[in-house]
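# Examining the three-dimensional arrangement
Below, each chain spelled out in residue letters.
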Amino acid sequence: MTDKVLVAYEAGQGPDIYFSSGPDVVTYINGNYIIPLDSYYDSWEGKDGILPASIEDVRKMDVTGEDKLWYMPLGTAFYCLWVRSDWLEETGSSVDTWEHLFEAVPKMTDTAAKRYGIAIRGGSGGSKFLERMMYSYSGIMSVFDENGKCTINDPKNVEFVERYLGMYGKYTAEGDLNYDWTELSAAFDSGSAGIIIHNLGSAEDHVKAFGGDLTKFKAVPLPMSDSGVSVTQLQQEAGLCIASTCKYPQEAFDLAAYLVTGDSISRYCELYGLVPVDKNVLETASWIKEKPWYALAAENMQDPNVKFYNYYPWLSGKEEVYKNMITEMQYVMTGQMSAQDFLDMWAEDFQKCYDNFYNR
């Protein structure tokens, strides 16, 4: 909520419905600026048409611990691996499991030709993407366990970081150390990297780079963990809230429900490269059928073997930790710090954020 809208709200002149980013919901809940939508959602005849996973994810945003629904979700960012499918075929490799991925990367690497099996995002945003991959590998379903203890430095996560960042300089370009998204994408699109992780928003860049030849690249789900499921992050931190000053909340909810379904949400998601939360749109929209990566996302969003871990996006202080961990991650990549020390530091900082929030 911008300062202007907040001032209007305090004066009783704010909007009935407003677009909100998920992390801001903590402020809105604590300030009693918005109302829970459970009663309206439960009585809505269209609720069975919304992806259950998206609703469950929104409930994780409830800092009261009561799992209330504070906003109607819009589209979600689906995280995947972008892979050179022609390289995989050429080497007889697969990336369906993490073990297979670690076997595939050396096979796809030809350092003399400056062709690398994978590109690592070691620069801006790198720690966030590392987190997504380590939880996918370990299969752990929450950054904090039932006792409120941070799981970042779980032994399986440490094992992953050792293996993954250990590929730097062997099967990656040295420039990976400082790669942000732009450079990571360029490495893939130029043919110097065979695997990267991102979301579907970069699809059109890849299509353009490969001249529309879909035999050369594809999106695949994050690999399965040892437990036989694919664990990933469901990032849909934006949605529609209803103000507590709204005089007609039912009508406001009806409008919000309209905006997150049908043609409205279809056009919005196509424009921003997101996956709609409306199951009917997922099954019928022509733009999803025409682009295999969206069809993949639609299938995986409804697959019981795809799980979404709780990454506590709303927790105050986490963003600063992510920024600080980029440098520490680079130390691991260059052999100046162990994966254990790195994740112990990360877990300690996340734990402080958690304990400060809950006054423990």
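Residues numbered from 1 in each chain as written. Predicted model: local features only at pLDDT ≥ 70, side-chain atom pairs only at ≥ 80, totals over all residues. Heavy atoms only, no water.

### Examining the overall build of the chain
Regarding its fold elements, the chain presents 17 helices and nine strands. What you see for the chain is a C-alpha radius of gyration of 21 Å, in line with the 21 Å of a compact globule of 360 residues. Dimensions along the principal axes, computed over C-alpha positions, put the chain at roughly 70 × 50 × 40 Å. Considering only residue pairs separated by 6 or more positions, the chain has 73% of its internal contacts joining residues 24 or more positions apart. With an accessible surface of roughly 15,700 Å², the chain has 48% of that area assigned to carbon and sulfur atoms. (Helix = DSSP H or I, 4+ residues; strand = E, 2+ residues; numbered from the N terminus. Rg over C-alpha atoms; globule rule 2.2 N^0.38 Å. Contact = heavy atoms within 4.5 Å. Areas by Shrake-Rupley, 256 points an atom, 1.4 Å probe, with all protein chains shown as cover.)

### Topic: the pattern of salt bridges
If you walk through the whole model with that rule in mind, you get 11 salt bridges. In this structure, the salt-bridge partner of Arg163 is Glu99, at a minimum N-O distance of 2.7 Å. Here the residue Arg163 occupies a position in helix 8 (residues 155-165), and Glu99 occupies one in helix 6 (residues 98-108), the gap between them amounting to 64 residues. Arg163 sits in the partly exposed class, given a relative accessible area of 30%. In the salt-bridge network here, residues are joined through shared partners; they are Lys156, Glu159 and Asp226. (Salt bridge = Lys/Arg side-chain N within 4 Å of Asp/Glu carboxyl O. Buried < 20%, exposed > 50% of the residue type's maximum accessible area, 1.4 Å probe, protein only.)

### What about the side chain of Glu328?
Residue position: Glu328 is located in helix 16 (residues 318-333). Put simply, Glu328 is tucked away with no salt bridge, and the nearest opposite charge, on Lys352, sits 12 Å away. Beyond its immediate stretch of four places on either side in the chain, Glu328 contacts Met337, Phe342 and Met345. (Lys, Arg positive; Asp, Glu negative; His and termini not counted.)

### Thoughts on the packing of aromatic side chains
Taken as a whole and assessed by the stated rule, the structure comprises 33 aromatic pairs. Where Tyr322 meets Trp346, the ring centres are 6.4 Å apart and the plane angle is 80°; that geometry is what we call edge-to-face. With Tyr322 in helix 16 and Trp346 in helix 17 (residues 339-357), this pair connects stretches of sequence that are 24 residues apart. Classification of Tyr322 by relative accessible area gives buried; the value is 5%. Ring-pair connections join several aromatic residues into one group, and the members of that group are Phe144, Tyr312, Trp314, Tyr354, Phe357 and Tyr358. Residue placement shows Arg132 over the ring face of Phe129; its charged tip is 4.5 Å from the ring centre. (Phe/Tyr/Trp six-rings, centres within 6.5 Å; stacked < 30°, edge-to-face > 60°. Lys NZ or Arg CZ within 6 Å of the ring centre and 35° of its normal.)

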